[in-house]
Amino acid sequence: MNLIVANESHFKYAHDICDTIADSAKVRGTGIAKRTPEYIQKKLANGNAVLALDGDKFAGFCYIEVWGHEKFVANSGLIVHPDYRGQGLAKRIKAKIFDLSREKFPDAKIFGITTGLAVMKINNDLGYKPVTFSELTDDPEFWKGCQTCKNFDILTRTEQKMCLCTGMLYDGTSKKKVEESKEMNGKAFTRLKSIKESLFLRKKEEKSK
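Residues numbered from 1 in each chain as written. Predicted model: local features only at pLDDT ≥ 70, side-chain atom pairs only at ≥ 80, totals over all residues. Heavy atoms only, no water.

Asks: Run through the packing of aromatic side chains, naming residues and quoting values.
Replies: The description of an aromatic ring pair rests on the distance of the ring centres and on the angle between the ring planes. In total, this model carries ten aromatic pairs according to the counting rule given. Taking the centre distance of 5.9 Å and the plane angle of 40° together, the rings of Phe-61 and Tyr-63 count as tilted. What makes Phe-61 buried here is its relative accessible area of 0%. The buried category is assigned to Tyr-63, whose relative accessible area is 1%. Ring geometry for Phe-98 versus Tyr-170: centroids 4.9 Å apart, planes at 85°, classification edge-to-face. Here Tyr-170 lies in strand β7 (residues 166-170) and Phe-98 lies in helix α3 (residues 89-104), a separation of 72 residues in the sequence. You'll find Phe-98 and Tyr-170 in the same group, each marked buried. (Phe/Tyr/Trp six-rings, centres within 6.5 Å; stacked < 30°, edge-to-face > 60°. Buried < 20%, exposed > 50% of the residue type's maximum accessible area, 1.4 Å probe, protein only. Helix = DSSP H or I, 4+ residues; strand = E, 2+ residues; numbered from the N terminus.)

Asks: So what about the nonpolar core? Which residues, and what values?
Replies: Counting residues in hydrophobic clusters, the biggest one holds 21 residues, and the most contacted among them are Leu-89 and Ile-93. Put simply, the parts of the chain that give this core at least two residues each are β2 (49-54), β3 (57-67), β4 (72-80), α3 and β7. Top contributing element to this core by residue count: α3, with five residues. Contact partners of Leu-89, with chain neighbours within four places excluded, come to Met-1, Leu-3, Ala-52, Ala-59, Val-80 and Tyr-84. With 16 residues, the next largest nonpolar core counts Tyr-13, Ile-17, Leu-53 and Phe-58 among its residues. (Core = buried A, V, L, I, M, F, W, Y, C linked by side-chain atoms within 4.5 Å. Contact = heavy atoms within 4.5 Å.)

Below you can see the structure in the form of structure tokens.
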């Protein structure tokens, strides 16, 4: 199985991706926003998608959406072809697109909304935390994408505060601040230790005189 960052040479898979997403929604009976082949091709063209291929056969897919002037990115459209399910491929694709998101948009918060327990588990393993919708992007274009979901009326009635989906967020900026704080504290401790050792050594030398 080959997991790659897609490009224009993979346009031929756009219809397979859309059909697999639509078929999955029907089988599960859950709300999944529809995507068009043209929309998928845009993601393939700008290098914001990961494609799983078994030789030349489509096996799985996921893409990046950018919102709020790159303050937020979403890993969306995660799908695995029925022939390759139950093999841990979804987790591998999700990890690959997560790493790509952090590489291309290091200062962005990564989020997703999903009804799938399996996806929630994968997100949790990657460091996502469940959050309210108010903590996600307020970009109206993102929420317009939910219009083709059969649960959109719930989202509308609650004024985008809740739905059947669970919102999950990875705040890399927050984690970065914590790591920087730990590094600074570590350096401060090292300096303090060095000063104390120097004073102790000086005091010891004075006593020996």
